[in-house]
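The chain contents come next:
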Amino acid sequence: MPLYHAPVKDSQFVLQAVVGLDKYANLPGFAEATPDMVAAILEAGGKFCEEVLAPLNLPGDIEGCTRHDDGSVSTPAGFKAAYDQFVEGGWGTLMAEPEWGGQGLPYVVGTAVQEYLSSANMAFAMYPGLSEGAQSAIAAVGSAEQQARWLPPMVQGRWTGTMNLTEPHCGTDLGLIRTRAVRNEDGSYAITGTKIFISAGEHDLAENIVHLVLAKTEGAPDTVKGISLFIVPKFLVNDDGSLGARNGVSCGSIEHKMGIHANSTCVMNYDGATGYMIGEEMKGLRAMFIMMNAARLGVGVQGLSQGEVAYQNAVAYARDRRQGRSLTGAKSPDDKADPIIVHPDVRRMLMDGRAFNEGARALILWGALQVDLSRKAATPEARELADDLIGLLTPVIKGYLTDKGYDIATTSQQVFGGHGYIREWGMEQFVRDARIAQIYEGTNGIQALDLVGRKLALNGGRGLRAWLALIQEALDGTTDPQLDTLKAGLTRALGDVQAATMWLMQNGLSNPDNAGAASTAYMHLMGITALGHMWLVMARASVEALAAGADDAAFYETKLITARYYAERYLPDTTALRKKLEAGSATMMAMPADAF
């Protein structure tokens with residue numbers, strides 16, 4: 001049975017050394033996030049994930065979800081009881097506003113717990129995760145009446161939420177959607193159409209499911225400009241808040257998919273279902289993107305989460321499995337073979353995972369802080385800066401972290417050799433589950449195009465300039481010679497980002513194919529550099545802690561070793577990515593389509 005241990009100590013280190021949680025005690029919600037409170041939340045959340053959710057991950061994957069003849073869906077054995085414990089523990093209320101029944105804690109604290117949930121059981125974590133995204137959209141664009149009706153039971157966990165975008169004939173190009181909304185006499189709408197790939201579309205965990213559905217009203221332009229957003233509940237809701245009749249929405253089938261088997265990914269059929277417009281008519285895409293941007297950060301967490309749990313299992317296996325002898329002499333002479341962790345190539349795989357996971361955790365929590373500051377910072381200038389930074393880096397967090405998280409999952413599987421290919425060890429599930437994170441909420445190719453085609457130039461490049469300045473400031477403030485290798489590597493990477501950006505400015509506008517051909521390399525270049533920035537901050541904090549005589553010296557010493565590894569083994573890749581980017585699109589686009 002696979003194992004999982006929540007990295008509580010490392011989360012606390014990041015919240016202190018990178019996020020600097022204590023610096024924001026003057027902001028709403030942060031005052032309650034005292035060190036003792038945060039420690040208690042992380043410890044309790046980690047324990048719930050380790051003891052309740054992780055043991056359900058492998059059997060839930062094997063059993064999957066079951067659709068019944070009446071269109072209802074059952075989740076795997078144990079999921080309903082686990083969800084009830086999740087609700088009873090208040091885990092879905094951490095970040096929600098108190099006026100809706102939430103605890104009002106910072107987004108960054110809730111994000112730390114989200115990592116544990118996803119590592120322990122990614123399929124389970126998607127049920128409340130999607131609901132939180134739906135809540136964010138309703139809170140942002142819903143009327144006061146809609147917020148009062150829908151948000152309290154969703155925050156409490158009695159109801160869950162979904163997002164319904166994709167249709168059989170369209171994915172990213174939402175202008176092609178055919179789902180229609182016809183206005184009823186009472187101001188509601190009759191929604192008709194089919195949506196596919198709807199995660200948590202039907203299940204037995206909650207009393208009601210609140211679907212957020214994109215559709216086009218009568219007479220609306222047949223483009224993205226004609227899309228509106230609607231609340232379509234599974235059960236209609238009476239004026240007193242009680243549940244009424246079953247609505248005209250049903251699960252037609254459950255998708256047969258590669259991974260996340262325990263999450264019900266549904267084909268949803270809307271047959272004149274009653275819906276309520278949320279936000280302005282024909283402004284639905286803007287409203288939905290509020291939910292999608294939150295979801296993209298959550299998917300970045302999924303990339304880290306599968307890399308982390310796969311790495312943990314690989315380490316345990318490498319310590320126990322005995323094969324061959326160390327190249328420098330037997331390390332366990334009383335045994336017939338040494339544990340495979342003595343072999344350099346096994347160490348390479350493990351160190352690759354450790355260096356990525358710890359850097360990604362820091363970037364995600366730092367990014368979550370920017371979400372908090374974009375909403376709650378004391379000045380308009382500070383809110384604008386945070387919004388610029390997280391807007392720029394959202395496609396990087398989603399795209400690079402899920403690409404690399406999948407790589408780490410497969411590399412960790414490789415540590416097991418043939419056993420990694422066998423279901424009972426759990427490694428092949430981590431690989432399968434990690435794969436979807438590169439695809440949904442906008443494929444990683446779309447994330448790269450969004451970064452290069454829109455985010456770089458947004459507000460005259462203000463976000464990019466701010467991010468580059470942050471990294472330069474960190475470099476300028478680093479003087480300890482122990483960090484010279486890391487500092488030199490990050491300086492070179494920063495130069496590669498700047499040179500690549502200039503190349504795009506000079507060559508992307510004149511030939512858009514150049515920008516498209518360069519986009520993924522540029523996204524990865526930025527991702528490696530962003531993690532390098534986080535490693536510099538963490539390494540400086542570790543040097544300072546050791547100089548101050550920290551009790552747990554071994555923790556900080558391993559941080560510095562891992563930082564050096566990142567400098568030696570990850571940061572050099574930015575130069576190769578820059579060279580790929582500067583190759584342009586000519587050769588890539590030269591071959592006729594029918595020659596493939």
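Residues numbered from 1 in each chain as written. Predicted model: local features only at pLDDT ≥ 70, side-chain atom pairs only at ≥ 80, totals over all residues. Heavy atoms only, no water.

### A short note on the nonpolar core
Point 1. Core analysis: the largest hydrophobic core is formed by 194 residues, its most contacted members being Trp467 and Tyr522.
Point 2. The biggest single contributor to this core is helix 14 (residues 512-547), with 18 residues.
Point 3. Setting aside its immediate chain neighbours within four residues, tryptophan 467 contacts Leu389, Leu392, Leu393, Val497, Met526, Thr529 and Ala530. (Core = buried A, V, L, I, M, F, W, Y, C linked by side-chain atoms within 4.5 Å. Buried < 20%, exposed > 50% of the residue type's maximum accessible area, 1.4 Å probe, protein only. Helix = DSSP H or I, 4+ residues; strand = E, 2+ residues; numbered from the N terminus. Contact = heavy atoms within 4.5 Å.)

### Remarks on unusual backbone geometry
Point 1. For alanine 200, which is not glycine, the phi torsion reads 60° and is therefore positive.
Point 2. Mapped onto the elements, alanine 200 comes out in the loop between strand 5 (189-199) and strand 6 (208-217).

### Considerations on the packing of aromatic side chains
Point 1. On inspection of all chains with the given rule, the structure shows 17 aromatic pairs.
Point 2. Considering the side-chain rings of phenylalanine 48 and phenylalanine 86, the 6.5 Å spacing of their centres and the 45° angle between planes classify their relative orientation as tilted. In this pair, phenylalanine 48 sits in helix 2 (residues 35-63) while phenylalanine 86 sits in helix 3 (residues 79-88), placing the two residues 38 residues apart along the sequence.
Point 3. Relative to tryptophan 425, the ring of phenylalanine 416 has its centre 5.6 Å away and its plane inclined at 65°; by these criteria the two rings are edge-to-face.
Point 4. A relative accessible area of 4% means that phenylalanine 416 is categorised as buried.
Point 5. Connected via pairs of aromatic rings, a cluster forms that spans Phe48, Phe79, Tyr83, Phe86 and Phe124.
Point 6. Cation over ring: arginine 246 sits above phenylalanine 235, and NZ or CZ is 5.6 Å from the ring centre. (Phe/Tyr/Trp six-rings, centres within 6.5 Å; stacked < 30°, edge-to-face > 60°. Lys NZ or Arg CZ within 6 Å of the ring centre and 35° of its normal.)

### As for the pairing of strand 4 (residues 180-183)
Taken residue by residue, a regular strand's side chains alternate between the two faces of the sheet.
Point 1. Two elements, strand 4 and strand 5, share four bridges in a ladder whose sense is antiparallel. Of the residues in strand 5, the one forming a bridge with alanine 181 is isoleucine 191.
Point 2. The hairpin formed by strand 4 and strand 5 contains five residues between the paired strands, and glycine 187 there has a positive phi angle of roughly 95°. (Pairing = 2+ DSSP bridges.)

### Points about the packing of helix 4 (residues 107-120) against helix 5 (residues 122-141)
Point 1. The interhelical angle for the contact between helix 4 and helix 5, taken along N-to-C directions, is 140°, at an axis separation of 6 Å. Here helix 5 runs oblique to helix 4, going by the angle between their axes. Handedness of the helix 4/helix 5 crossing: left-handed. Note on element contacts: helix 5 touches helix 4 through Met122, Ala125 and Glu132, opposite Gln114, Leu117, Ser118 and Ala120.
Point 2. Partitioned by chemical class, the residues of the contact of helix 4 with helix 5 number four nonpolar, two polar and one charged. (Axes fitted to C-alpha atoms, helices over the stretch in contact; angles between N-to-C directions. Parallel < 35°, antiparallel > 145°, perpendicular 65-115°, else oblique. Left-handed = near helix turned anticlockwise from the far one by under 90°. Nonpolar A, V, L, I, M, F, W, Y, C, P; charged D, E, K, R; others polar.)

### Some thoughts on helix 9 (residues 380-415)
Point 1. Its 36 residues give helix 9 an end-to-end C-alpha distance of 49 Å, which sits within 8% of 52 Å, the value for a rise of 1.5 Å per residue.
Point 2. In the structure, helix 9 departs most strongly from a straight axis at leucine 393, where the bend amounts to approximately 40° and where the proline proline 395 lies between one and four residues downstream.
Point 3. At the C-terminal side of helix 9, glycine 417 shows a positive phi close to 60°. (Expected span 1.5 Å × (residues − 1). Bend = angle between axes of the 7 residues up to and from the residue.)

### Some points on helix 4
In an α-helix, one turn spans 3.6 residues, which is why side chains three or four residues apart end up on the same side.
Point 1. An ideal rise of 1.5 Å per residue puts 20 Å on 14 residues; helix 4 measures up with 20 Å between its terminal C-alpha atoms.
Point 2. Counting buried residues along helix 4, 14 of its 14 residues qualify, which places the element largely inside the surrounding structure.

### What to know about the packing of helix 9 against helix 14
Angle between the axes and distance between the axes are the two parameters that describe a pair of packed helices.
Point 1. Direction vectors running N to C along helix 9 and helix 14 enclose 95°, while the axes themselves pass 9 Å from each other. Classified by the interaxial angle, the pair formed by helix 9 and helix 14 is roughly perpendicular. Where helix 9 abuts helix 14, its residues Leu392, Leu393, Pro395, Val396, Gly399, Tyr400, Leu401 and Asp403 lie against Met523, His524, Met526, Gly527, Ile528 and Leu531.
Point 2. Tallied by class, the residues present in the contact of helix 9 with helix 14 amount to ten nonpolar, three polar and one charged.

### Examining the environment of glutamine 302
Point 1. In this fold, glutamine 302 is placed in helix 7 (residues 284-320).
Point 2. A sequence separation of 247 residues divides glutamine 302 from glycine 549, and the C-alpha atoms of the two residues are 35 Å apart.
Point 3. Glutamine 302 has contacts with Ser118, Met122, Met126, Ala437 and Tyr440, leaving out every residue within four places of it along the chain.

### Concerning the side chain of arginine 361
Point 1. Relative to the elements of secondary structure, arginine 361 occurs in helix 8 (residues 344-376).
Point 2. Within the local environment of arginine 361, its side chain forms a polar contact with the side chain of glutamate 115, the two groups lying 2.8 Å apart. (Polar contact = N/O pair within 3.5 Å; in protein donor to acceptor, adjacent residues only side chain to side chain.)

### Observations concerning the pairing of strand 9 (residues 243-246)
Point 1. Alignment of strand 8 (residues 235-237) against strand 9, held across two bridges, turns out to be antiparallel. Bridge assignment links valine 237 to a residue of strand 9, and that residue is leucine 243.
Point 2. In this antiparallel pair of consecutive strands, strand 8 and strand 9, the connection spans five residues, and glycine 241 shows a positive phi of 90°.

### Here we look at empty space enclosed by the protein
Point 1. Applying the stated criterion across every chain, the model contains four cavities of 30 Å³ or more.
Point 2. Computed from the structure, the largest cavity encloses a volume of approximately 100 Å³.
Point 3. Lining the largest cavity we find 14 residues, and of these Tyr83, Phe86, Gly92, Met154 and Gly157 sit closest to its centre.
Point 4. Among the elements of the structure, helix 3, helix 5 and helix 6 (144-156) are those that each provide at least two residues to the lining of the largest cavity.
Point 5. Here the lining of the largest cavity gets four residues from one element, more than from any other, and that element is helix 5.
Point 6. Here the lining of the largest cavity is built from residues that sort into seven nonpolar, six polar and one charged. (1 Å grid on protein atoms, 1.4 Å probe; cavity = no way out; pocket = protein on both sides within 12 Å on 5 of 7 lines; lining within 4 Å. Points joined across faces, edges and corners; volume = space filled by probe spheres on them.)

### As for the side chain of serine 412
Point 1. Its location among the elements puts serine 412 in helix 9.
Point 2. What makes serine 412 buried here is its relative accessible area of 3%.
Point 3. Discounting residues that sit within four places of it in the chain, serine 412 has contacts with Ala310, Tyr311, Ala314 and Met427.

### Section: a nonpolar patch on the surface
Point 1. Together, Tyr421, Ile422 and Trp425 make up an exposed nonpolar region whose accessible area comes to about 350 Å².
Point 2. You can see tyrosine 421 is positioned in the loop between helix 9 and helix 10 (427-437). (Patch = residues over 30% accessible without salt bridge, like charges linked within 9 Å, V, L, I, M, F, W, Y side chains within 5 Å. Areas by Shrake-Rupley, 256 points an atom, 1.4 Å probe, with all protein chains shown as cover. Salt bridge = Lys/Arg side-chain N within 4 Å of Asp/Glu carboxyl O.)

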